[in-house]
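Listed here are the chains, written in short residue letters.
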Amino acid sequence: MSTELKKFVVWGSYCENVLEKRAPFRQAHLDNLKALHEAGKLLTIGPTQDVTKVFAVYAAPDLDSAKQLVEADPYWQNGIWTDYEVHEWIQVY
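Residues numbered from 1 in each chain as written. Predicted model: local features only at pLDDT ≥ 70, side-chain atom pairs only at ≥ 80, totals over all residues. Heavy atoms only, no water.

1. A closer look at the sheet that holds strand 4 (residues 81-89)
The line we're drawing: Two strands form a pair only when DSSP identifies at least two bridges running between them. Numbering of helices and strands runs from the N terminus; a helix is a DSSP stretch of H or I covering at least four residues, while a strand is a stretch of E covering at least two. Axes here mean lines fitted to C-alpha atoms, for a helix over just the part in contact, with angles spanning 0 to 180 degrees between N-to-C directions. Residue contacts are defined here by distance: any two heavy atoms, one from each residue, within 4.5 Å place the two residues in contact.
Taken in spatial order, the 4 strands of this open sheet run 2-3-1-4, and their pairing is antiparallel. For this open sheet the edge positions go to strand 2 (42-47) and strand 4, each flanked by a neighbour on one side alone. Sheet twist, expressed as the mean angle between neighbouring strand axes with direction ignored, is 20°. Sheet contacts for helix 3 (residues 63-71): strand 1 (6-14), strand 3 (53-60) and strand 4; angle to strand 4, the most-contacted strand, approximately 150°.

Quick look at the structure:
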């Protein structure tokens, strides 16, 4: 992957009753995550144990590109993720 990519930490929130509401979109969401990971644009992602928050690390050239990756996800587009914050991250180790 290009050395020009920066890393971005994303914290987001899930909707109420996420386990039921995500069902119609889950496979498309997982397929999207797999494609992003294989392309080197997603380093890691997952929910908190209580499934109220999502944490991810994306690789993108800039903040707007990182936001586009989040907003292209079926969970964002269908209201499963209800909000998010993105912060550029400097990986030390």
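2. A few points about unusual backbone geometry
For residues other than glycine, phi is negative in most cases, and the peptide bonds are mostly trans. A positive phi angle, near 55°, is found at Asn17, a position not held by glycine. Counting through the fold element by element, Asn17 comes out in the loop between strand 1 and helix 1 (18-21). Its identity is not glycine, yet Val51 carries a phi of approximately 55°, on the positive side.

3. Re the packing of aromatic side chains
Short version of the rule: Note on ring pairs: Phe, Tyr and Trp rings are taken, using the six-membered ring of Trp, and paired if centres are within 6.5 Å. Classes follow the plane angle, with under 30 degrees stacked, over 60 edge-to-face and the rest tilted. We call a residue buried when its accessible area falls under 20% of the maximum for its residue type, exposed when it is over 50%, and partly exposed in between, using a 1.4 Å probe and counting protein chains only.
Counted by the stated rule, this structure contains 3 aromatic pairs. Considering the side-chain rings of Trp11 and Phe55, the 5.1 Å spacing of their centres and the 55° angle between planes classify their relative orientation as tilted. Note that Trp11 is positioned in strand 1 and Phe55 in strand 3, a separation of 44 residues in sequence. The class for Phe55 is partly exposed, based on a relative accessible area of 28%. Ring centres 5.0 Å apart and planes at 85° place the aromatic pair Trp76 and Tyr84 in the edge-to-face group. We classify Tyr84 as buried; its relative accessible area is 17%.

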